[in-house]
Amino acid sequence: MVAAKTASAFNPNVKITPIHANIKEPQFDVSWFRGFDIVLNALDNLDARRHVNKMCMAANVPLVESGTAGYLGQVQPILKDRAECFDCVPKPTPKTFPVCTIRSTPSQPIHCIVWAKSYLMPQLFGEDEDSGSELDEAEKQGENAKEIAALRKEAQAFKAVRAALRAAPAEQASSSSAAKIVFNKVFHADILNLLSMADMWRSRAPPVPLDFDAIRAGTFVLNRPSQNGSATPTAQAQTIGGAKGSSATEKQLNGTGNGASSSTTTAATAAAGSAGLKDQRALSLQDNLELFVSSTERLAARLRAGEDTISFDKDDDDTLDFVTAAANLRSAAYGIPGKSRWEVKEMAGNIIPAIATTNAIIAGLIVLQALHLLRRSYALLRNVHVQFKPSMPLSAIAMCAPNPACGVCRDVYAEVRCDPARVTLREVVDGVLGRSGEGEGEGPEEVSVYEDKRVLSDPDWDDNNDRTLESLNVTRGKFLSIVDEDGEYATIQLAIGVLPPNHPTDGPALILPSPLPKPPRREKPRPATPPPAPPPTLAGKKRAAPDDDEIQEVDEPSAKRARTAADLGGVPFTPSKKRRLEEDGLIMLDSAGETIEEDPDVIEID
Amino acid sequence: MATHDPGTKSVPLSITEDEAAVYDRQIRLWGLEAQQRMRNATILVVRLKGVATEAIKNIVLAGIGKLIVVDPDDVAEEDLGAGFFFRDEDVGKKRTDAAKSRIESLNPLVAVETLSDPSVLHGEALDKLLAGVDMVCVTDLDRSTLVRLNDASRRLGKPFYAGGTYGLLGYIFCDLLQHDYIAPDRSSQKDAAKNVRNTAVYVPLKTALQHRWTGMTRRQTKELNPAIVFTILAVWEYQVVHQGELPDDPAAASELQSIANRFISEADVNKQTLPSIPRELMETMATTAAHELSPVCAVVGGLLAQDILKALAAREPPIANFFTFDGNLGGGTVVRMSMP
């Protein structure tokens, strides 16, 4: 609303309609998208980008995709059949870590942060759910059974701790305050538990259980045989004279004094004196313990005051304090360098540094490409990148032809308008395939039908055929995928739309697209699953579309490719069904040559 | 204060925690010290058309200390196309008067001073004005004025930026005297780019304009998009010959073409890459050079502001020294003109 009001002042002749909603909501169906001449994306996550891309393919509406991160950014015009769509090139999926790395054998600060944010916090302050299921999954995936058994035991003990947190506060100066109980469980008992599995530590430095009272008194000594990862890469990248955060701070080895004199490996912090934000200062072992106690008590107080569950939010100071302290304590136990609160906020909060200038540049470039799309000057379309090359800060690259194996834009799109409560699956599929009236003719003979990843029917299973779409949870805004079992014909993606407003109430429950979709023959057989397959790399040749203008000879069409889908290496760590942590806030860069973290201050998770 | 001291002595930190919260996302990119340097800086912007509007918006949001804007002219109706500090009812008012409070509202932490008396850009008054700023940024001005203001800035030891747009094309020129800075060494492609100290020695515009393209290979020449560079130089020359007026008539195409071709030949540009200026480009320029397009202003103003901030922070390599933007395709290249 604010944006619409501000922009409206720039040109009162333009009608601006603000809509406060999620673009994935059902009312934004294919018909809705078709009402636009062009779509400009300003999204910040992969999932929404994929969704809009698909809707624009379905509605055959030009789309301009874009993204920025720090000093870098890019613009990608997308036009069905003339250029690559967003999914023609696979995008790296957000990084996840194996369960055991997070739960038993961390080796980097990020592992401890993820542990604190996605395991410890939900266990203590989240919903009381059975974490056994994810351990079951890990076991199925082949992770060490003994380890899993130990982790199960650990989970059970949490129940007692959760109860302690929610109980009425004990007497003041109680030595068994809830915070201490938690501390002793996760930083002492659980570590002893892990240490009992000697195999795990045969070739790894084992963790050291922490002693609450000793740390508080300043007498705790961390006896480590060797320092793990003493200097993280970010240490070397510290700017001279800048106090940008105490990455690679060595943990206090001997607890002398009151949390002072934490040794740092960064000349920067020393040189700048104590210049820097409060949040950026290095925390000693004692500091972390006190922060842990204070934040746990604050969170426990909130639970007792009526908050059912508390989950991590980078802007919620109590949770950020808790995650910072817990992560650093765990790091200390494992001989991993700690992080300042400033750094933890960025890593746990998936913050992408942003500046007005890059966004302004990309915004201008978006509009310039949009003008070409609107004027159908397709020969002038370019993918434009903002890059670090001094002689060419802006690189305009020729478009690439769609990927022949793309699972999104090579499908054939059509729309049915219907009443999902009345029409059946059979009626829709037979109708679209032209089986209801005339003879067979062209087109797939045996098909499987999906909604997203769910199989609804296949040639050997037709139980659902006489069920209504609604009963199958196939509703407005969704797609039915009709896949040729023989792999000969392209897949039909059928958008589900609503009956027109003036449709008589006793009229037919289904309006088929006219003409019916005619899926072309494929070049080679495809697997039956709808998700996009990794494509072969194109040489960057442009395929001339029939009524294209004379194709200009322009800069080398060196198509920059994203990395192929990251090797996840193990069971993805999903602590609870509701958390999709790494997905948000990830800005995509469709460029193999560029990486986001050019600046040493940017701490990137992936 | 030392605007381009790369931090051999640390900058006293006076950013409050509240300010740091507002600037959080950008501090995470360029660091607290860079932010402090910006906060200590006073920047002069001359003329308030599209590029200046965008550049001002960006540097004010970023949090410079003080902005001084000089523009003697009134708001014209055509200013509304790219000048978003102006509203319909501002037409006829002094540009600086109309824009001042809107600039201030972008960031209350920035001091804004406006001047509409043209005499402030001449003689002693100019020297006095320049002495009180840390950086000069002149926009949408003719070549003679650019040279004059560049020379004055140089004389007073002030780094100098110039930028402008002509229809779909745009440029940025800078003279940062001797500029010391730190930049990550990105050539190694490793994860942790090490910071390296650099010094760049700049030349004034009048020297840059004598640049020759002799000895450059076809590929080197082509990469820099010389057609755009010489289009802009031709428009500048046209203005000199026509009392400061920009071309605004199809008939001007031939004159632009002959100027451009003369310059290309004098500059000894690789004949295989650019034997002559494309006629089509001259025809487009003839009718669009005098007009602003807001997206082009956004790109040029964005890069201009970004470079000003980089120069203030003494981090990241600034433009060296002549950037041109081709809004038709979206590419932008930098030519080193007469730089050692």
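Residues numbered from 1 in each chain as written. Chains lettered and ligands numbered in written order. Predicted model: local features only at pLDDT ≥ 70, side-chain atom pairs only at ≥ 80, totals over all residues. Heavy atoms only, no water.

Caption draft 1: Region of the structure containing helix α5 (residues 109-125) of chain A. Residue and element names in this part refer to chain A. When the terminal C-alpha atoms of α5 are compared, their 22 Å separation across 17 residues agrees well with the 24 Å that a helix rising 1.5 Å per residue should span. A maximum bend of about 35 degrees is found in α5 at Ala-116. Within α5, 16 of the 17 residues are buried, which leaves the element mostly enclosed by the surrounding structure. (Helix = DSSP H or I, 4+ residues; strand = E, 2+ residues; numbered from the N terminus. Expected span 1.5 Å × (residues − 1). Bend = angle between axes of the 7 residues up to and from the residue. Buried < 20%, exposed > 50% of the residue type's maximum accessible area, 1.4 Å probe, protein only.)

Caption draft 2: Expanded view of the packing of aromatic side chains. In the structure shown here, the tally under the stated rule is 22 aromatic pairs over all chains. For the ring pair Trp-236 of chain B and Phe-322 of chain B, a centre distance of 6.0 Å and an interplane angle of 70 degrees mean the geometry is edge-to-face. Here the residue Trp-236 of chain B occupies a position in helix α9 (residues 226-241), and Phe-322 of chain B occupies one in strand β9 (residues 322-326), the gap between them amounting to 86 residues. What makes Trp-236 of chain B buried here is its relative accessible area of 0%. Phe-322 of chain B gets classed as buried once you look at its relative accessible area, which sits at 1%. In this structure an aromatic cluster arises from ring pairing among Trp-115, Tyr-119, Phe-125, Phe-158, Phe-183, Phe-187, Phe-212, Phe-292 and Phe-322 of chain A. Above the plane of the ring of Trp-342 of chain A lies Arg-28 of chain B, whose end atom (NZ or CZ) is 4.0 Å from the centre. (Phe/Tyr/Trp six-rings, centres within 6.5 Å; stacked < 30°, edge-to-face > 60°. Lys NZ or Arg CZ within 6 Å of the ring centre and 35° of its normal.)

Caption draft 3: Quick peek at the packing of helix α12 (residues 285-304) of chain A against helix α13 (residues 317-334) of chain A. Residues and elements named next belong to chain A. Where α12 meets α13, the closest approach of the two axes is 8 Å, and the angle between their N-to-C directions is 140 degrees. Compared by their axis directions, α12 and α13 come out oblique. α13 is crossed by α12, and the crossing has left-handed handedness. Contacts between α12 and α13 involve Leu-285, Asn-288, Leu-289, Leu-291, Phe-292, Ser-295, Thr-296, Arg-298, Leu-299 and Arg-302 from the first element and Asp-317, Asp-318, Thr-319, Asp-321, Phe-322, Thr-324, Ala-325, Ala-326, Asn-328, Leu-329 and Ala-332 from the second. (Axes fitted to C-alpha atoms, helices over the stretch in contact; angles between N-to-C directions. Parallel < 35°, antiparallel > 145°, perpendicular 65-115°, else oblique. Left-handed = near helix turned anticlockwise from the far one by under 90°. Contact = heavy atoms within 4.5 Å.)

Caption draft 4: Expanded view of the state of the cysteines. Taken as a whole and assessed by the stated rule, the structure comprises 0 disulfides over all chains. There is no disulfide at Cys-137 of chain B, and the cysteine sulfur nearest it, in Cys-174 of chain B, is 11 Å away. (Disulfide = S-S within 2.5 Å.)

Caption draft 5: Quick peek at the side chain of Lys-80 of chain A. Residue and element names in this part refer to chain A. Relative to the assigned elements, Lys-80 resides in the loop between β3 (72-78) and α4 (99-103). Salt bridges are absent for the buried Lys-80, whose nearest opposite-charge side chain, Asp-81, sits at 4.0 Å. In this view, Lys-80 contacts Met-57, Asn-60, Cys-409, Asp-411 and Tyr-413; residues no more than four positions away in its chain are not counted. (Lys, Arg positive; Asp, Glu negative; His and termini not counted. Salt bridge = Lys/Arg side-chain N within 4 Å of Asp/Glu carboxyl O.)

Caption draft 6: Molecular detail of the pattern of salt bridges. Applying the stated criterion to the full structure yields 47 salt bridges over all chains. Put simply, Arg-28 of chain B and Glu-346 of chain A hold a salt bridge, and the shortest N to O gap is 2.8 Å. Taken as a pair, Arg-28 of chain B in helix α2 (residues 24-39) and Glu-346 of chain A in helix α14 (residues 341-348) lie in two separate chains rather than in one. A relative accessible area of 1% means that Arg-28 of chain B is categorised as buried. Assessed through its relative accessible area of 1%, Glu-346 of chain A is described here as buried. In this structure, Lys-93 of chain B engages Asp-90 of chain B in a salt bridge whose closest nitrogen and oxygen atoms are separated by 2.9 Å. Here the salt bridges do not stand alone but share partners, grouping Asp-279, Arg-298, Arg-302, Glu-307, Asp-316, Asp-317, Asp-318, Asp-321 and Arg-341 of chain A into one network.

Caption draft 7: Structural context of the environment of Pro-77 of chain A. Residue and element names in this part refer to chain A. Along the polypeptide, Pro-77 turns up in strand β3. Classification of Pro-77 as buried rests on a relative accessible area of 1%. Sequence spacing of Pro-77 and Leu-433 is 356 residues, and the spatial spacing of their C-alpha atoms is 33 Å. Discounting chain neighbours no more than four positions away, the residues touching Pro-77 are Leu-63, Val-64, Ala-83, Gln-369, Leu-373, Leu-381, Arg-382, Asn-383 and Met-399.

Caption draft 8: Examining unusual backbone geometry more closely. Note that the residue after Ser-514 of chain A, namely Pro-515 of chain A, is joined by a cis bond; omega there is 5 degrees. Tracing the backbone shows Pro-515 of chain A in the segment after β11 (510-511). Cis peptide bonds are those with omega within 30 degrees of zero, and the linkage from Ala-320 of chain B to Asn-321 of chain B qualifies with -10 degrees. Residue position: Asn-321 of chain B is located in the loop between α12 (294-313) and β9.

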